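# Remarks on the overall topology
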Amino acid sequence: MLARLLQEERTAVELLAQQLRREYAVLKTRDAPGLEQVVHDKRLCADHLHQLMSRRLDYLRVQGFTADKAGLAACIAAALPADRSELAALAADLEAAAEQAHNQNEINGAVIAA
């Protein structure tokens, strides 16, 4: 179950990052109508990601772990030995994808502020 949640969340983060890259391209061309569409699409991606994050955090709480990074690490550590490496890799992939999306969002914010 946790593996599926992490995979779904990573996919959603990657889709959000794609929307952020689209937003950057539109910001560079100053295409106002295009920006409206991208912002709408980005909001849909962000809302979906929020739902998936909530599902993962709920899962952690139900399993008796805290709903944070430490709880995820503890949940992975408590998993069957055969599952731990896959779960750890999925969690690391999710974290890396989230960092990339965050960085792109920061770049977009700088372009808007300029």
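Our subject in this report is the structure included herewith. (Residues numbered from 1 in each chain as written. Predicted model: local features only at pLDDT ≥ 70, side-chain atom pairs only at ≥ 80, totals over all residues. Heavy atoms only, no water.)

## Regarding the packing of helix α1 (residues 2–29) against helix α4 (residues 81–113)
What counts, and what does not: Note on geometry: axes are lines fitted to C-alpha atoms, helical ones only across the stretch in contact, with angles between N-to-C directions running from 0 to 180 degrees. Segments assigned H or I by DSSP are reported as helices when at least four residues long, segments assigned E as strands when at least two residues long, and all are numbered from the N terminus. Oblique is the label for any angle not under 35 degrees, not over 145, and not in the 65 to 115 range, which are roughly parallel, roughly antiparallel and roughly perpendicular in turn. Should the near helix be turned anticlockwise from the far one by less than a right angle, the crossing is termed left-handed; should it be turned clockwise, right-handed. In the scheme used here, Gly and all other residues not listed as nonpolar or charged are polar, with Ala, Val, Leu, Ile, Met, Phe, Trp, Tyr, Cys and Pro taken as nonpolar and Asp, Glu, Lys and Arg as charged.
The N-to-C vectors of α1 and α4 enclose an angle of 20 degrees; their axes lie 9 Å apart at closest approach. Here α4 runs roughly parallel to α1, going by the angle between their axes. Remark: the crossing between α1 and α4 carries left-handed chirality. Here the residues of the contact of α1 with α4 sort into 18 nonpolar, 4 polar and 7 charged.

## Some thoughts on the pattern of salt bridges
Note the cut-off: Put simply, a salt bridge is a Lys or Arg side-chain nitrogen that is within 4 Å of an Asp or Glu carboxyl oxygen. Only protein chains enter the accessibility calculation, which uses a 1.4 Å probe. A residue is then buried if its area is under 20% of the maximum for its type, exposed if over 50%, and partly exposed in between.
Enumeration over the complete set of coordinates arrives at 10 salt bridges. In this structure, Glu 23 engages Lys 42 in a salt bridge whose closest nitrogen and oxygen atoms are separated by 2.8 Å. Here Glu 23, found in helix α1, pairs with Lys 42, found in helix α2 (residues 32–62); they are 19 residues apart in sequence, far enough to count as distant. Taken individually, Glu 23 and Lys 42 each receive the classification buried, so the pair is uniform in this respect. Across the salt bridge formed by Arg 61 and Asp 58, the nearest N and O atoms sit 2.6 Å from each other. Note that Arg 61 and Asp 58 are positioned in helix α2 at a spacing of 3 residues, about one turn of the helix. By relative accessible area, which is 46% here, Arg 61 ends up partly exposed. Through salt bridges with shared partners, one network takes in Arg 4, Glu 8 and Arg 55.

## Side note on helix α3 (residues 69–78)
Definition in use: Note that the arc is defined by the directions from the helix axis to the C-beta atoms. Any two residues whose heavy atoms approach within 4.5 Å at even a single point are treated as in contact.
All buried positions along α3 are accounted for by Gly 71, Leu 72, Cys 75 and Ile 76. For α3, the angular spread of buried residues about the axis comes to 135 degrees, placing them on one side. Looking at α3, the residues exposed on the side facing more than 90 degrees away from the buried face are Lys 69, Ala 70 and Ala 78. For α3, the secondary structure elements touched by its buried residues are α1, α2 and α4.

## Re the environment of Asp 31
For clarity, the cut-off: Between N or O atoms, a polar contact is any pair within 3.5 Å; within protein, one atom must be a potential hydrogen donor and the other a potential acceptor, and residues adjacent in sequence are included only when both atoms are from side chains.
Within the element layout of this structure, Asp 31 appears in the loop between α1 and α2. With relative accessibility at 34%, the residue Asp 31 sits in the partly exposed group. At 3.1 Å, the side chain of Asp 31 forms a polar contact with the backbone nitrogen of Gly 34.

The quantities given are spatial measurements derived from coordinates; they are silent on function.
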